[in-house]
Amino acid sequence: MDKTRILVTGGCGFIGSNFIRYMLSKYPYIIINFDKLTYAGNLENLKDVESDSRYTFVRGDIASKADLASVFEQGIDVIINFAAESHVDRSILDPDTFIRTNINGTFNLLEEARKREVKRFIQISTDEVYGSLGKEGKFTESTPLSPNSPYSASKTAADMLAMAYHKTYGTPVLITRCSNNYGPYQFPEKLIPLIITNALEDKELPVYGDGMNVRDWIHVIDHAVAIDAVLHKGVLGNVYNIGGENERTNIEIVKLILSILGKPESLIKYVTDRPGHDRRYAIDSSRIKRELTYSVTTDFRKGMEDTVKWYLDNRGWWERIKSGAYLEYYDLMYKNR
Ligand code: NAD
Ligand code: TDX
């Protein structure tokens, strides 16, 4: 059996938990999930794999060198860094933790990778590092980095550190930059789960600005498959864009959810725009498709119907989140809009 030991940071969040489940179902690897359990980390997301002997959970903070040292002493072959503060609106309200986790945390992981000679370090980045597009064009891997929010600036800084470690120390870094994910276990502060769960509760659906901002949506499992390809076939030092080939305006997404649920459009409420709101993201994924023979397989309509069904079938999961501390943030976020 292959005893490769993979450290997945942030594995209790949305993408990390889907990725761990996917990897355990496909490979014999040992997975160590290292997560701080912030408001966004939830042990329930991986309840079904807890008894798998190849899986271990370690509570820890990537911004703490001491927490990291103890996990690295056990031996790590591969690092996949999902751990991050991930919500743009929160980064606008309170950027501090974004700098600490996304920049200092990634720096600490790179230092461990350098000292302990891990075989691969995959930095999970985002298309937001490229900034905003007008009506035409797509981000390629060589588009200049031009982040607009504290969140995307912190992710850009982490990418630059990772690339500098590759060039200076030969650290075996690979970077992925994916577009907007959707699917099960996404925290209900992000557009799609917020709209689904608010609609189920017959609450207002806040749409920022004119609702015409465009995102390129990808199912979280298609993202997991792309990371799998980068892990096994990616060339060290490369950046790989990952897109869903599925550009939609926000208002289209909201109306699609309402039509799947059979709820009225009168729930929609246009609210004050997000400051510095990026207008359009579109990804050119030709490199990963061509060089790593990757393709997206989830049909968007089917993926959205399955996602809506997941939130219907897992009401307890999101009701517990929405009745807790998250409410405070929600009130702060939407009270003056
Ligand atoms: P998420 O907010 O759902 O999960 C983040 C996880 O990281 C949580 O489990 C949290 O507890 C953990 N975490 C936060 N700070 C930590 C720290 N200091 N130490 C250890 N763990 C910590 O985020 P997500 O949507 O799953 O995003 C995962 C990664 O993918 C992020 O790096 C994000 O930038 C990137 N990304 C997200 C998207 C998207 O659409 N959601 C798209 C592209 C890239
Ligand atoms: O209530 C809302 N109303 C609204 O109109 C929310 C929460 C969002 N929006 C808009 C803002 C964006 O144009 O919907 C779009 C999507 O918003 P988010 O779900 O917050 O995602 P976004 O800001 O695009 O960032 C996401 O994709 C890239 C992730 O949160 C990041 O972690 C990832 O890097």
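We now turn to the structure provided with this report.

Below, the discussion takes up the overall build of the protein. Of regular secondary structure, the protein possesses 12 helices and 12 strands. Relative to the 2.2 N^0.38 estimate, which gives 20 Å for 337 residues, the radius of gyration of the protein is 19 Å and therefore close to what a compact globule would have. Counting only C-alpha atoms and orienting by the principal axes, one finds that the protein spans roughly 55 × 45 × 40 Å. The proportion of buried residues among the 337 residues of the protein is 57%. A separation of at least 24 residues holds for 83% of the contacts in the protein among residues at least 6 apart in sequence. When the accessible area of the protein is evaluated, it comes to approximately 13,900 Å², of which 51% is carbon and sulfur surface.

Moving on, we get to the pairing of strand β4 (residues 78-81). Across the two faces of β4 the burial is the same, with V78 and I80 and I79 and N81 all buried. As paired elements, strand β1 (residues 5-9) and β4 share 4 bridges and run parallel to each other. When the sheet's bridge partners are listed, L7 is paired in β4 with I79. The pairing of β4 with strand β5 (residues 120-126) spans 4 bridges and is classified as parallel. Bridge pairing in β5 links I79 to F121.

In the vicinity of ligand 1 lie 28 residues, with I15, D35, S86, Y151 and K155 positioned nearest. Interatomic distance of 2.9 Å between a backbone N/O atom of G13 and an oxygen atom of ligand 1. In this structure, an oxygen atom belonging to ligand 1 sits 3.0 Å away from a main-chain N or O atom of F14. Against a free-state accessible area of 840 Å², the protein chains account for coverage of 97% of ligand 1. Contributions of two or more residues to the shell around ligand 1 are made by α1 (14-26), β5, α5 (150-169) and β7 (180-182). Top element by residues in the shell around ligand 1 is β5. It accounts for 3 residues. Residues belonging to the shell around ligand 1 are distributed by class as follows: 12 nonpolar, 12 polar and 4 charged.

Core analysis: the biggest nonpolar cluster contains 32 residues, and I6, F19, M23, I80, I122 and I288 have the highest contact counts within it. Breaking this core down by element, the ones donating at least two residues are β1, α1, β4, β5, β6 (173-178), α7 (220-233) and β10 (239-242). The dominant element in this core, judged by the number of residues it contributes, is α7, at 6 residues. Each residue touching I288, except ones within four places of it in the same chain, is listed here: A226, V230, Y240, N241, I242, T293 and Y294.

Around ligand 2, the surrounding shell holds 21 residues, and the nearest of these are T126, E128, Y151, R274 and H277. At 2.8 Å from an oxygen atom of ligand 2 is found a main-chain nitrogen or oxygen belonging to S86. In the complex, 94% of the free accessible area of ligand 2, which totals 660 Å², lies under the protein chains. Those elements that provide at least two residues to the shell around ligand 2 are α6 (191-200) and β8 (205-208). In terms of residue count, β8 provides more of the shell around ligand 2 than any other element does, 3 residues in total. Of the residues belonging to the shell around ligand 2, the class tally is 9 nonpolar, 7 polar and 5 charged.

Right, let's talk about the environment of N81 for a bit. Relative to the elements of secondary structure, N81 occurs in strand β4. The spatial distance from the C-alpha of N81 to the C-alpha of V225 is 16 Å, given a sequence separation of 144 residues. Setting aside its immediate chain neighbours within four residues, N81 contacts T9, I62, T106, L109, F121, I122, Q123 and I124. Within the structure, the side chain of N81 is placed 3.3 Å from the side chain of T106, a separation counted as a polar contact.

For the rest of this paragraph, the subject is the packing of aromatic side chains. Scanning the model with the defined rule gives 13 aromatic pairs in all. Relative to F82, the ring of F19 has its centre 5.3 Å away and its plane inclined at 45°; by these criteria the two rings are tilted. Here F19 is found in helix α1, whereas its partner F82 is found in the loop between β4 and α3 (88-93), with 63 residues between them in sequence. Exposure class is identical for F19 and F82. Each is buried. An aromatic cluster of at least three residues, connected via ring pairs, comprises Y185, W310, Y311 and W317. If you follow R90 out to its NZ or CZ, it ends over the ring of Y39, 3.6 Å from the centre. A cation over an aromatic ring shows up here: R215 above the ring of Y281, its NZ or CZ 3.9 Å from the ring centre.

Let us look at the sheet that holds β1. Spatial ordering of the open sheet is given by β3-β2-β1-β4-β5-β6-β10, a layout of 7 strands whose pairing is parallel. Of all the strands in the sheet, just β3 (55-59) and β10 have a single pairing partner and so form its edges. Along the sheet, successive strands turn relative to each other by an average axial angle of 20°, direction set aside. Across the sheet, α1 touches β1, β2 (30-35), β3 and β4, and the angle it forms with β2 is around 170°. Across the sheet, α7 touches β1, β4, β5, β6 and β10, and the angle it forms with β5 is around 145°.

The next subject is helix α10 (residues 300-313). With 14 residues, α10 should cover 20 Å at 1.5 Å per step; its first-to-last C-alpha distance of 20 Å lies within 8% of that length. Those residues of α10 lying buried are F300, G303, M304, T307, V308, W310 and Y311. In a view along the axis of α10, the buried residues occupy a sector of 155°, so they form one face of it.

Conventions used here
Residues numbered from 1 in each chain as written. Chains lettered and ligands numbered in written order. Predicted model: local features only at pLDDT ≥ 70, side-chain atom pairs only at ≥ 80, totals over all residues. Heavy atoms only, no water. Helix = DSSP H or I, 4+ residues; strand = E, 2+ residues; numbered from the N terminus. Rg over C-alpha atoms; globule rule 2.2 N^0.38 Å. Buried < 20%, exposed > 50% of the residue type's maximum accessible area, 1.4 Å probe, protein only. Contact = heavy atoms within 4.5 Å. Areas by Shrake-Rupley, 256 points an atom, 1.4 Å probe, with all protein chains shown as cover. Pairing = 2+ DSSP bridges. Near = heavy atom within 4 Å. Polar contact = N/O pair within 3.5 Å; in protein donor to acceptor, adjacent residues only side chain to side chain. Nonpolar A, V, L, I, M, F, W, Y, C, P; charged D, E, K, R; others polar. Core = buried A, V, L, I, M, F, W, Y, C linked by side-chain atoms within 4.5 Å. Phe/Tyr/Trp six-rings, centres within 6.5 Å; stacked < 30°, edge-to-face > 60°. Lys NZ or Arg CZ within 6 Å of the ring centre and 35° of its normal. Axes fitted to C-alpha atoms, helices over the stretch in contact; angles between N-to-C directions. Expected span 1.5 Å × (residues − 1). Arc of directions from axis to C-beta.

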